[in-house]
Amino acid sequence: MKQIYLDYSATTPVKEDVVKEMIPYYTEVYGNPSSLYSVGLEAKQGLELARERVAKLINAQPAEIRFTSCGTEADNWVLEGVADALKNKGNHIITSKIEHHAILHTCEHLEKNGFEVTYLDVDSEGFVSPEALEAAIKDTTILVSIMMVNNEIGTIQPIKELAAVAKAHGVLFHTDAVQALGNVPIDVKDLGVDFISMSAHKIYGPKGVGALYIRKGARINNYMHGGGQEARKRAGTENMAGIVGFGKAAELSMNNLDAHIEHCSTLRNKLWEKIQAEIPHVQVNGSMDKRHPGNLNVSFDYIEGEAILLLLDAHGICVSTGSACSSGSLAPSQVLEALGVPVTKMNGTIRFTVGDFTTDEDIDNVVEVLSKVVARLREMSPVTGKEGW
Amino acid sequence: MALYNETVMEHFMNPHNVGEIENPDGKGTYGSPVCGDMMQITIKVDEEEKIVDAKFKTFGCGSAIASSSMATDMIIGMSVEEALDLSNKKIVDELGGLPPAKIHCSVLAEHAIKSAIYDYATKYGKTYAGLEGFDPDAEEDHHHDDIEEE
Ligand SMILES: Cc1ncc(COP(=O)(O)O)c(C=O)c1O
C-alpha cells in the first residue's frame, strides 16, 4: 500500500540533499566548532555557512541568527528572555488565543511568576486585528508575540501591521514563524519585527533544531546558561549535523519558494474543491486566502475526527485531527474555539497539509477514500443534524 | 503500528451490530456530540427476558465504536439481569484494554445499555434491582479520564 502523507505541518521528510550534507558532520567533520585545530575550524565553517543560509531565507544578518534545539526552545527563550531583561520596565505581555502551546504554556508559566498576559481574540476567519492590539497595549507592556502562520488553520496574520503598532509604542515584537518559514516569503527588514522563531523540521530539515532571529540591538537575556557558544547568547555544544541540515533546507527552500507555494496551493485548492464536490455537510475553518499554501482544515458534520483519521490510516493516508481527540482527556482545540466553530463541528475536524512530495494523483486517491470513509462513519452515527445540535 | 490493540482495531474496522432495530423493545442514547461522543443502542427482548438482538449507532472515536461493537456482542444472548450487571470494566477487559484516556468510551457503552433496558423496563412495566437509582437523563460526566480507570 502506498503511503500518502498529508501532514506536512506536523513534520516533513528530510530531503536527500539535506541528509547528504549532514552525514559528514557525524563521521568526518566531527570536531567541536569551538576547538582551535583544523577539524574544529572546519566544523565552525559549516556552522557559519548554515547561519548565512538561514539568515538569507528571512533577509537577516547572519549574526542575528542563534541556533536552538527546536522551535519550542526559541519560543521559550524569547518570552522568558525578554521578560527577564525588561522586568523592571513592565510585566505585561500580549499574545493571541491561537498560539502554539510553546507560546501559550510559557505565558502561563510567566503568569505564575508575576507577569500579566493578554490573550487577543481572533475574528471568525482567524485573524488578530491591529486595532485590538493597539487597544491592549499599556505602559507596562514589554512584548507582543503573535504567530505568523497558525499551525491548525494556516491563517497568515498581518504581521507587518501588528509589528508597526507595537513599534509605535516602543514595544518589542516577536513572531512564531515555525509554520510560516518556507511557506510564505519572510523579510525581516520589511516586517519590522524584533524576534522570529523558526524550526528546521517543517522545511524538509531534521527534527531537533531551530533558531531565534534576534534583531541587532533588541534586548533579551539568555535562556540557556553555560559555555560561550552562539556569541555567548545560547550555551551548549552545537547540534552540528542538525544545524548544517537546517542550513541546507533553508537554501533549498529559498531557491524553491515560489514553485513550492504554487505546487502546494494548487493541490490544496484542488483537494478542497473535490471535497466540496463529493462530500456534503463540510466546512472549511479559517480564511481561504491569506492562508498557508498547503493547509486545509475541514469539519465533517455528524462524525468524529479520530475515527476519520484511523480509517484513513488504514488506507495509508496520514492526516491529523484538527482538534485534540474529543473523547480523550485533552481539551478541544483552542484555535477552533477562538474561531467560534461550534463544538459539534469541532469534533469532526481534520487538518490536511500537502507538501513538496504530494502529487495530483494523491489528491484524487485521498478524496476517493475520504468520501467512502465519511459516508461509512455517517451511516454509523446517530447524529443526523435534525436534532438541532 | 496502530493506536489501539488488535481486538479494538478489529472491532473498530469491522464493527458488529451496526444499525438500528425496527420497533425495538428498548432504545437508549447516551452522551451528545457536544461531549465528543454519543451512543444509541436498540435491543430486542424475548418473553424470557433474554436479549435476542442489539444494534448500535455511535458518534465517536475509534474506541467508542469498538466499545459499542463489543458491548452489543456481549449482551446478545444475555438475560436482562445479566446485561444490567455488565460493567464497563468487563467491556474493557474483553477488548483487551483501552488507553486510560479512552476508558470513558466503555462507560458510555455501559450507560447506553442501561438506558435501553430502562426504556424496555418502563415500556413493559418491569423492575430490576440493577436499574435502581439509574437516571437515563443524567448528564454525561465531562471529566472523562477520572472515572472508573483501571
Ligand atoms: C506554530 C508552531 N510553533 C512552534 C512549534 C514547535 O516547534 P518544534 O517542534 O521545533 O519544537 C510548532 C511545531 O509543531 C509550531 O507549529
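Residues numbered from 1 in each chain as written. Chains lettered and ligands numbered in written order. Predicted model: local features only at pLDDT ≥ 70, side-chain atom pairs only at ≥ 80, totals over all residues. Heavy atoms only, no water.

A. Seen up close, the overall build of chain A. Tallying secondary structure elements over chain A gives 14 helices and 13 strands in all. Since a compact globule built from 389 residues should have a radius of gyration of about 21 Å, the 22 Å found for chain A is in line with a globular shape. Overall, the C-alpha framework of chain A stretches about 70 × 50 × 35 Å when taken along its three principal axes. Every one of the 389 residues in chain A was classed for burial, and the buried ones make up 59%. When contacts within chain A are restricted to residue pairs at least 6 apart in sequence, those whose partners lie at least 24 apart make up 73%. On chain A, roughly 15,600 Å² of surface is accessible, and the fraction owed to carbon and sulfur atoms is 52%. In chain A, 36 side chains carry a positive charge and 50 a negative one; their mean positions are 4 Å apart. (Helix = DSSP H or I, 4+ residues; strand = E, 2+ residues; numbered from the N terminus. Rg over C-alpha atoms; globule rule 2.2 N^0.38 Å. Buried < 20%, exposed > 50% of the residue type's maximum accessible area, 1.4 Å probe, protein only. Contact = heavy atoms within 4.5 Å. Areas by Shrake-Rupley, 256 points an atom, 1.4 Å probe, with all protein chains shown as cover. Lys, Arg positive; Asp, Glu negative; His and termini not counted. Charge placed at Lys NZ, Arg CZ, Asp CG, Glu CD.)

B. Fine view of the sheet that holds strand β13 (residues 349–353) of chain A. All names here are of chain A. Pairing is antiparallel across the open sheet formed by 4 strands, whose spatial order is β9-β10-β13-β12. Pairing within the sheet leaves two strands with one partner each, and these edge strands are β9 (282–284) and β12 (320–321). Sitting on the sheet, helix α10 (residues 240–278) is in contact with β9, β10 (295–300) and β13, with an inclination near 15° to β10. (Pairing = 2+ DSSP bridges. Axes fitted to C-alpha atoms, helices over the stretch in contact; angles between N-to-C directions.)

C. Seen up close, the environment of K87 of chain A. Residue and element names in this part refer to chain A. Relative to the helices and strands, K87 is located in the loop between α4 (71–85) and β3 (92–96). Considering only alpha carbons, one finds K87 and L57, 30 residues apart in sequence, at a separation of 32 Å. Reaching out from K87, the side chain makes a polar contact with the side chain of D84 at a distance of 2.9 Å. (Polar contact = N/O pair within 3.5 Å; in protein donor to acceptor, adjacent residues only side chain to side chain.)

D. The arrangement of empty space enclosed by the protein in detail. Residue and element names in this part refer to chain A. Overall, the coordinates contain 3 cavities of 30 Å³ or more when judged by the stated rule. Within this model, the largest cavity holds a volume of roughly 90 Å³. As for the largest cavity, its lining consists of 15 residues, of which Y8, N183, K202, H260 and H292 are closest to the centre. Class assignment for the residues of the lining of the largest cavity results in 5 nonpolar, 9 polar and 1 charged. Taken domain by domain, the lining of the largest cavity gets at least three of its residues from each of domain 1 (4–11 + 257–380) and domain 2 (16–252). In this structure, the second largest cavity occupies an estimated 50 Å³ of space. Classifying every residue of the lining of the second largest cavity gives 3 nonpolar, 4 polar and 2 charged. Residue contributions to the lining of the second largest cavity reach at least three from each of two domains, namely domain 1 (4–11 + 257–380) and domain 2 (16–252). (1 Å grid on protein atoms, 1.4 Å probe; cavity = no way out; pocket = protein on both sides within 12 Å on 5 of 7 lines; lining within 4 Å. Points joined across faces, edges and corners; volume = space filled by probe spheres on them. Nonpolar A, V, L, I, M, F, W, Y, C, P; charged D, E, K, R; others polar. Domains from an automatic or database assignment.)

E. Spatial organisation of the site of the ligand. All names here are of chain A. Around the ligand there are 13 residues in total, and T72, D176, Q179, S199 and K202 lie nearest to it. Between an oxygen atom of the ligand and a main-chain N or O atom of G71, the distance comes to 2.8 Å. With respect to the ligand, the side chain of H201 contributes an N or O atom lying 2.9 Å from an oxygen atom. Its free accessible area being 390 Å², the ligand has 87% of it covered by the protein chains. Top contributing element to the shell around the ligand by residue count: α4, with 3 residues. Partitioning the shell around the ligand into residue classes produces 3 nonpolar, 7 polar and 3 charged. (Near = heavy atom within 4 Å.)

F. Representation of helix α3 (residues 38–57) of chain A in the model. Residue and element names in this part refer to chain A. With 20 residues, α3 ought to run about 28 Å at 1.5 Å a step, and its terminal C-alpha atoms sit 29 Å apart, in line with that. Among all positions in α3, only V39, G40, A43, G46, L47, A50, R51, R53, V54, A55 and L57 are buried. Turning to α3, the residues buried within the fold contact α1 (16–22), α2 (24–27), β2 (65–68), β7 (195–199), α9 (229–232) and α10. Once α3 ends, the next one or two residues include N59, with phi positive near 60°. (Expected span 1.5 Å × (residues − 1).)

G. Focus on the environment of C318 of chain A. Residue and element names in this part refer to chain A. Among the secondary structure elements, C318 is positioned in strand β11 (residues 317–318). With 271 residues separating them in the primary sequence, C318 and L47 have C-alpha atoms 34 Å apart. Setting aside residues up to four positions removed in sequence, C318 forms contacts with Q3, I4, Y5, L6 and D7.

H. Summary view of the packing of aromatic side chains. Residue and element names in this part refer to chain A. Enumeration over the complete set of coordinates arrives at 6 aromatic pairs over all chains. Each ring, one from Y204 and one from F357, has its centre 6.0 Å from the other, and the planes form 80°; the classification is edge-to-face. Taken as a pair, Y204 in the loop between β7 and β8 (210–214) and F357 in the loop between β13 and α14 (360–380) lie far apart in primary sequence, 153 residues in all. Using a relative accessible area of 7% as the deciding quantity, one classes Y204 as buried. By relative accessible area, which is 46% here, F357 ends up partly exposed. Ring-pair connections join several aromatic residues into one group, and the members of that group are Y5, Y8, Y204 and F357. (Phe/Tyr/Trp six-rings, centres within 6.5 Å; stacked < 30°, edge-to-face > 60°.)

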